[in-house]
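Listed here are the chains, written in short residue letters.
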Amino acid sequence: QVQLVESGGGLVQAGGSLRLSCVVSGSIFSINAMGWYRQAPGKERELVAGITRGGTTNYADSVKGRFTSSRDNAKNTLYLQMNSLKPEDTAVYYCNAEVVVVIPLVSNYWGQGTQVTVSS
């Protein structure tokens, strides 16, 4: 069984910062790509930041220059540093991971989400 647990969400004023973490645990051989998604009320879930196992990142245009994604492969942990937060960043943030449990089986897993609220 594989679990993804996010932490670090909360309430912050506009212009502030938060750092999200996502720890992947369970029966894991390796983790391929990982990503952060978010879903605001009444909107579809969208990709915020993706990162390959080698550390190559891609970001949504709306967060470029403000958010930074990183990972620690030894700790099976994904991070999202969010700076200069805006009220429109308010959403539930989800961690996603492509996990190799047993070669060559790859499965996609989601965390339970963590709420980020940015007040104006």
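The sections below set out a description of the structure shown in this document.

Another aspect to go through is the sheet that holds strand β8 (residues 77–82). Across the sheet, which stays open at both edges, the four strands sit in the order β1-β3-β8-β7 with antiparallel pairing between neighbours. Edge positions in the sheet fall to β1 (2–7) and β7 (67–72), since each of these pairs with one other strand and no more. This sheet shows a mean twist of 15° between the axes of neighbouring strands, independent of strand direction.

Before going further, it helps to spend a moment on unusual backbone geometry. A cis amide bond, omega 5°, links isoleucine 103 with the succeeding residue proline 104. The topology assignment puts proline 104 in the loop between β9 (91–102) and β10 (105–110). Its identity as a non-glycine residue notwithstanding, asparagine 76 has a phi of 50°, on the positive side. Structurally, asparagine 76 is set in the loop between β7 and β8. A positive phi angle is found at serine 84, which is not glycine, with a value near 50°. Within the secondary structure layout, serine 84 lies in the loop between β8 and β9.

Along the chain, the position of asparagine 96 falls in strand β9. The exposure class assigned to asparagine 96 is buried, which follows from its relative accessible area of 6%. Only 2.5 Å separates the side chain of asparagine 96 from the side chain of asparagine 108, close enough to count as a polar contact. Here tyrosine 109 takes part through its backbone oxygen, which lies 3.2 Å from a polar atom of the side chain of asparagine 96. If we skip the residues at most four places from it in the chain, asparagine 96 touches Leu4, Ala33, Met34, Gly35, Tyr37, Asn108, Tyr109 and Trp110.

It is worth spelling out the pairing of strand β4 (residues 30–39) at this point. Note: β4 against β9, eight bridges, orientation antiparallel. In the sheet register, tryptophan 36 faces β9, and the bridge partner there is cysteine 95. Of the strand pairs in this sheet, β4 and strand β5 (residues 46–51) are connected by five bridges, and their pairing is antiparallel. From the neighbouring strand, tyrosine 37 faces β5, where its bridge partner is leucine 47. Turn length for the β4-β5 hairpin, with the two strands adjacent in sequence and antiparallel, is six residues, and the turn residue glycine 42 shows positive phi of about 80°.

With that settled, consider the packing of aromatic side chains. Under the defined criterion, the tally for this structure stands at one aromatic pair. Between tyrosine 37 and tryptophan 110, the aromatic rings sit 4.9 Å apart at their centres with planes inclined by 65°, giving edge-to-face as the arrangement. Placement of the pair is tyrosine 37 in strand β4 and tryptophan 110 in strand β10, with a sequence separation of 73 residues. Here tryptophan 110 falls in the partly exposed class, since its relative accessible area comes to 38%. If you follow arginine 19 out to its NZ or CZ, it ends over the ring of tyrosine 79, 4.1 Å from the centre.

The rules behind each value
Residues take numbers from 1 onward in each chain, read along the sequence in its written order. Whole-chain, interface and lining totals are the exception, using all residues; otherwise, since this is a predicted model, local features are given only for residues with pLDDT of at least 70 and side-chain atom pairs are given and counted only at 80 or more. To get the side-chain values, all heavy atoms of the structure are used, and hydrogens and water are removed first. By the convention used here, strands pair only if DSSP detects at least 2 bridges between them. Helix and strand assignments come from DSSP, with helices taken as H or I runs of at least 4 residues and strands as E runs of at least 2, each series counted from the N terminus. Axis angles are defined between N-to-C directions and span 0 to 180 degrees, where every axis is a line fitted to C-alpha atoms and, for a helix, only to the segment in contact. Categorising residues by exposure relies on relative accessible area from a 1.4 Å probe, with only protein chains included: less than 20% of the type maximum marks a residue as buried, more than 50% marks it as exposed, and the intermediate range marks it as partly exposed. Whenever two N or O atoms come within 3.5 Å, that pair is a polar contact, provided that in protein one can donate a hydrogen and the other can accept it, and provided that, for residues adjacent in sequence, both atoms are side-chain atoms. Note on definitions: a residue-residue contact is assigned when non-hydrogen atoms from the two residues lie within 4.5 Å. Here is the rule: rings of Phe, Tyr and Trp (six-membered ring for Trp) pair when centre to centre is within 6.5 Å. Planes less than 30 degrees apart are stacked, more than 60 are edge-to-face, and the remainder are tilted. Lysine NZ or arginine CZ positioned within 6 Å of the ring centre and within 35 degrees of the ring normal marks a charge as sitting over the ring.

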